Amino acid sequence: ETSVKSELGNLDDSYQALQALAVQIKERLKDVQGQWAEYQNALEKAEKFLDKDMSLWWVGKRQPQSDSIEHGHIQLHESKEMLQKLQAMKQDLAVTAHRCENNGSADNADESTADTIKTSPINRLATRVNTSLDNSINDVEKRVNDLSDIVKDWEAVAKMKHDLREWLRQQQTEVKEM
């Protein structure tokens, strides 16, 4: 009878340990699922921004041009702000993706599971969003560079205008002295 009670006690302890382990696994899976949901939400938010807001931002901006140095500075400032926003979005997506990758990756899975992961809807969404984000960053960087050149040209014109005024003043002074 004592050995039966002892074995029942051991079974109860084993059951309690398994139950605690099951609760830990369940909590861990809930946490991992939450991280993947956060990543998917971030991807969907980025995709919406790129499809709608970014498209609206580009309206009338494809060809960088400026009628004045002030207008050039305004456009350059707006473009730099957009570039910073896109780069921050890329960084946020990378951090969120990295948290998910730390939970396990396709590298540790068998071949069929790895193929399933690589063709999963969230992976396709990530590829699409990251490609679009990279293209947008490249386009805005080019715009910033072009606008920087335009502003430099306007600054050179302003300097030449100032120099010409100074030269004319000197010429007028010399004429008056004659």
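This text goes with the structure placed above it.
Cut-offs applied
Residues numbered from 1 in each chain as written. Predicted model: local features only at pLDDT ≥ 70, side-chain atom pairs only at ≥ 80, totals over all residues. Heavy atoms only, no water. Phe/Tyr/Trp six-rings, centres within 6.5 Å; stacked < 30°, edge-to-face > 60°. Helix = DSSP H or I, 4+ residues; strand = E, 2+ residues; numbered from the N terminus. Buried < 20%, exposed > 50% of the residue type's maximum accessible area, 1.4 Å probe, protein only. Polar contact = N/O pair within 3.5 Å; in protein donor to acceptor, adjacent residues only side chain to side chain. Contact = heavy atoms within 4.5 Å. Patch = residues over 30% accessible without salt bridge, like charges linked within 9 Å, V, L, I, M, F, W, Y side chains within 5 Å. Areas by Shrake-Rupley, 256 points an atom, 1.4 Å probe, with all protein chains shown as cover. Salt bridge = Lys/Arg side-chain N within 4 Å of Asp/Glu carboxyl O. Core = buried A, V, L, I, M, F, W, Y, C linked by side-chain atoms within 4.5 Å.

Caption draft 1: Broad picture of the packing of aromatic side chains. Per the stated rule, a full pass over the model turns up two aromatic pairs. Centre to centre, the rings of Trp-36 and Tyr-39 are 6.0 Å apart; their planes meet at 65 degrees, and the pair counts as edge-to-face. Residue Trp-36 and its partner Tyr-39 are both found in helix α1 (residues 2–58); the two are separated by three residues, about one turn of the helix. Look at Trp-36 and you get partly exposed, because its relative accessible area is 31%. Overall, Tyr-39 belongs to the buried group, its relative accessible area being 8%.

Caption draft 2: Structural view of the side chain of Ser-66. Looking at the secondary structure, you find Ser-66 in the loop between α1 and α2 (69–101). A distance of 2.9 Å separates a polar atom in the side chain of Ser-66 from the backbone nitrogen of Gly-72. Sequence-distant contacts of Ser-66, defined by excluding residues within four places in its chain, comprise His-71, Gly-72, Gln-75, Ile-150 and Trp-154.

Caption draft 3: Inspection of a nonpolar patch on the surface at higher detail. Side chains of Leu-18, Leu-21, Ile-25 and Leu-29 sit close together on the surface and give an oily, nonpolar patch of about 400 Å² of accessible area. Structurally, Leu-18 is set in helix α1.

Caption draft 4: Molecular detail of the nonpolar core. Counting residues in hydrophobic clusters, the biggest one holds 27 residues, and the most contacted among them are Leu-43, Met-54, Leu-86 and Val-140. Those elements that place two or more of their residues in this core are α1, α2 and α4 (121–177). It is α4 that provides the largest number of residues to this core, a total of 11 residues. When sequence neighbours within four positions are dropped, the list of residues in contact with Leu-43 reads Leu-93, Ile-122, Leu-125, Ala-126 and Val-129.

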